[in-house]
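# Summary of the model geometry
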Amino acid sequence: MAWLIVVQMLAVTGALAVYLLLPKGEAARGSPPGVFIGLLVTAALLGLLPTFFGSMGQMREAYFFIFALTAILSAVRVITHRRPVYSALYFVLTVLASAGMLLLVNAQFLGIANIIIYAGAILVTYVFVIMLAMQSGAPEYDHTSREPLAASVAGLMFAGLVLGLVGMDAKPLTGNGLATAAPAAATQPTISATAPGSPVPLTNLQSVGLALLGDYAVSLEVAGLLLLVAMVGGLAIARRRTTSDVEEVG
Amino acid sequence: MNYTMHFLAVGTILFALGLVGFLARRNLIIIFLCTEIMFQGVILTLTGFALKHLAPDRTPDAGGQAFGLFLLVVAAAEAALALALVVLLFRRRGTLDADKFAMLNG
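Residues numbered from 1 in each chain as written. Chains lettered and ligands numbered in written order. Predicted model: local features only at pLDDT ≥ 70, side-chain atom pairs only at ≥ 80, totals over all residues. Heavy atoms only, no water.

Helix and strand counts for chain A come out as 10 helices and 0 strands. For chain A, the sequential pattern of α-helices and β-strands runs α-α-α-α-α-α-α-α-α-α. The buried share of chain A, reckoned over its 250 residues, is 30%. Within chain A, residue pairs in contact and separated by at least 24 positions form 44% of the contacts whose partners lie at least 6 positions apart. For chain A, the computed accessible surface area is about 15,600 Å², with 71% contributed by carbon and sulfur atoms. (Helix = DSSP H or I, 4+ residues; strand = E, 2+ residues; numbered from the N terminus. Buried < 20%, exposed > 50% of the residue type's maximum accessible area, 1.4 Å probe, protein only. Contact = heavy atoms within 4.5 Å. Areas by Shrake-Rupley, 256 points an atom, 1.4 Å probe, with all protein chains shown as cover.)

What follows is the structure in structure tokens.
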């Protein structure tokens, strides 16, 4: 009974937010009270979402669907937006949604490392280069695409092929029966291991750390070497003096 | 409730979207941003497989996530070098239009 009242109040405030956000005449779009109330209502709805579902599994499904939808829509906006800075910002949203999906299955290290490295380092570099190289406003090569029909057909064929093949038979992917022999591990969507000889299960960070330094130590060293080579190569590229083909460069 | 198929589906869709953007856009920086979208899709796919994969002693394997971390390293290195090259090309031609760099087409 209390939930009914809460839901109706949320619906009324949501309607108020939408009314404030709708453009009315030549006033400034996106009036701040409307945006604020809209964000508040969205946050309240997402926070109350767990109570609508009976079990943890259903809530996980709902959150996964929200994150997946956000990631896909943001990726669509990345590739279709006319202004490159907005593309980069929508890509940050994609990275956050992908990190949310990773957090849902207890892959915390990969999710947070994704946010730190992608949204925190790579995207910042992209925004810097965009601001450096695109100082002259909206150029015409952002407003047209080359062969949009062919590109969309190529993407459609790829997605259709792979999704069709992937969903065709849902048998376990390991061939020697390990997945069927451990049903308890297969029903729980978490990624963690038990340290040998200890009854306490490891956290995700600990198991990833053990794997990195134990099984994949050589790969770790090679990754460090790759970073060093990339750093030296970037410096060498950036220091090169070019003879410019145009008189004045922006 | 196993999430492998969910992760594979979302990862494939993100990869396909990155592919479409890579083929269709003309701005060099946005082309490389679309390769980063493809990397995100691959990270999700790897995590989906890591959910299913078991180590020989039947504990869940952390190899998929280690692979994802190496993928982040490679993505960072590739982004840095690609942007350095883009800046160099911009200094040379004054434009970021991919169609203006079509000299290899004979």
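Along its length, chain B carries 3 helices and 0 strands. Along chain B, helices and strands appear, N-terminal first, in the series α-α-α. The proportion of buried residues among the 106 residues of chain B is 63%. Partitioning the intrachain contacts of chain B with sequence separation of at least 6 by distance along the chain shows that 64% fall at a separation of at least 24. Roughly 3,800 Å² of accessible area belongs to chain B as shown, and the carbon and sulfur atoms make up 72% of that amount.

Along the chain, Thr12(B) falls in helix 1 (residues 4–24). Residue contacts for Thr12(B): discarding those within four places in its chain leaves Phe158(A), Ala159(A), Val162(A), Leu163(A) and Thr45(B).

For the rest of this paragraph, the subject is the environment of His6(B). All names here are of chain B. Inspection of the secondary structure assignment puts His6 in helix 1. Of the residues examined, His6 reaches a relative accessible area of 21% and is grouped as partly exposed. For the pair formed by His6 and Phe22, sequence separation is 16 residues and the distance between their alpha carbons is 24 Å.

Attention shifts here to the pattern of salt bridges. Residues and elements named next belong to chain B. Under the definition given, this model contains 2 salt bridges over all chains. With its nearest N and O atoms 3.1 Å apart, the salt bridge here joins Arg26 to Asp99. With Arg26 in the loop between helix 1 and helix 2 (28–52) and Asp99 in the segment after helix 3 (63–93), the pair connects residues that are 73 residues apart, well separated along the chain. Connected through salt bridges with shared partners, the residues Arg26, Asp97 and Asp99 form a single ionic network. (Salt bridge = Lys/Arg side-chain N within 4 Å of Asp/Glu carboxyl O.)

Another point: a nonpolar patch on the surface. On the surface, Leu225(A), Leu228(A), Val229(A), Met231(A) and Val232(A) cluster together into a nonpolar patch covering about 490 Å² of accessible area. Within the fold, Leu228(A) resides in helix 10 (residues 217–238). (Patch = residues over 30% accessible without salt bridge, like charges linked within 9 Å, V, L, I, M, F, W, Y side chains within 5 Å.)

Now for helix 5 (residues 108–133) of chain A. With 26 residues, helix 5 of chain A should cover 38 Å at 1.5 Å per step; its first-to-last C-alpha distance of 36 Å lies within 8% of that length. Along helix 5 of chain A, the residues classified as buried are Leu110(A), Gly111(A), Ala113(A), Asn114(A), Tyr118(A), Ala119(A), Ile122(A), Leu123(A), Tyr126(A), Val129(A), Ile130(A) and Ala133(A). In this structure, the buried residues of helix 5 of chain A make contact with helix 4 (84–104) of chain A together with helix 2 and helix 3 of chain B. (Expected span 1.5 Å × (residues − 1).)

Core analysis: the biggest nonpolar cluster contains 69 residues, and Phe64(A), Phe91(A), Met101(A), Tyr118(A), Phe7(B), Ile29(B) and Leu96(B) have the highest contact counts within it. When contributions to this core are tallied by element, the ones reaching two or more residues are helix 3 (56–80), helix 4, helix 5 and helix 9 (204–215) of chain A together with helix 1, helix 2 and helix 3 of chain B. Apart from the residues lying within four places of it in its own chain, the contact partners of Phe91(A) are Val78(A), Tyr118(A), Leu123(A), Leu33(B), Glu36(B), Ile37(B) and Gln40(B). (Core = buried A, V, L, I, M, F, W, Y, C linked by side-chain atoms within 4.5 Å.)

Our next topic: the interface of chain A and chain B. Listed as interface residues are 94 residues of chain A and, on the opposing side, 79 residues of chain B. Buried surface at the junction of chain A and chain B, summed over both partners, amounts to about 7,700 Å²; 74% is from carbon and sulfur atoms. The interface formed by chain A and chain B includes 10 residue pairs in polar contact (both at pLDDT 80 or more). Mapped onto the side of chain A that touches chain B, the elements with two or more residues apiece are helix 3, helix 4, helix 5, helix 6 (148–166), helix 7 (178–181), helix 8 (183–187), helix 9 and helix 10 of chain A. Of all the elements, helix 5 of chain A adds the most residues to the side of chain A that touches chain B, at 14 residues. Across the side of chain A that touches chain B, the residue classes tally to 61 nonpolar, 25 polar and 8 charged. (Buried area = accessible area lost by both parts, 1.4 Å probe. Polar contact = N/O pair within 3.5 Å; in protein donor to acceptor, adjacent residues only side chain to side chain. Nonpolar A, V, L, I, M, F, W, Y, C, P; charged D, E, K, R; others polar.)

Residues and elements named next belong to chain A. The backbone of Asn106 sits at a positive phi, close to 65 degrees, despite the residue not being glycine. Within the secondary structure, Asn106 is located in the loop between helix 4 and helix 5. Judged by its relative accessible area of 23%, Asn106 is partly exposed.

What follows covers the side chain of Ser74(A). Mapped onto the elements, Ser74(A) comes out in helix 3. For Ser74(A), the residues in contact, after removing those within four places along its chain, are Tyr90(A), Leu93(A) and Thr94(A).

Mean pLDDT over chain B: 86, with 90% of residues reaching 70 or higher. Confidence estimates for the predicted assembly give a pTM of 0.78 and an ipTM of 0.90. (pLDDT = per-residue confidence, 0-100.)

Attention shifts here to the packing of aromatic side chains. In total, this model carries 5 aromatic pairs over all chains according to the counting rule given. Judged by centre distance (5.5 Å) and plane angle (50 degrees), the rings of Phe64(A) and Tyr3(B) are tilted. Within this pair, whereas Phe64(A) is found in helix 3, its partner Tyr3(B) is found in the segment before helix 1, the two belonging to separate chains. Judged on exposure class, the residue Phe64(A) and its partner Tyr3(B) are both buried. Judged by relative accessible area, Phe64(A) falls into the buried class, the value being 4%. Put simply, the rings of Phe64(A), Tyr3(B) and Phe7(B) pair up and form one aromatic cluster. (Phe/Tyr/Trp six-rings, centres within 6.5 Å; stacked < 30°, edge-to-face > 60°.)

Averaged over chain A, the pLDDT score is 76; the fraction of residues at 70 or greater is 71%. Below a pLDDT of 50 lies the segment residues 173–189 of chain A, which in the model reaches 23 contacts outside its immediate sequence neighbourhood of four places, other chains included.

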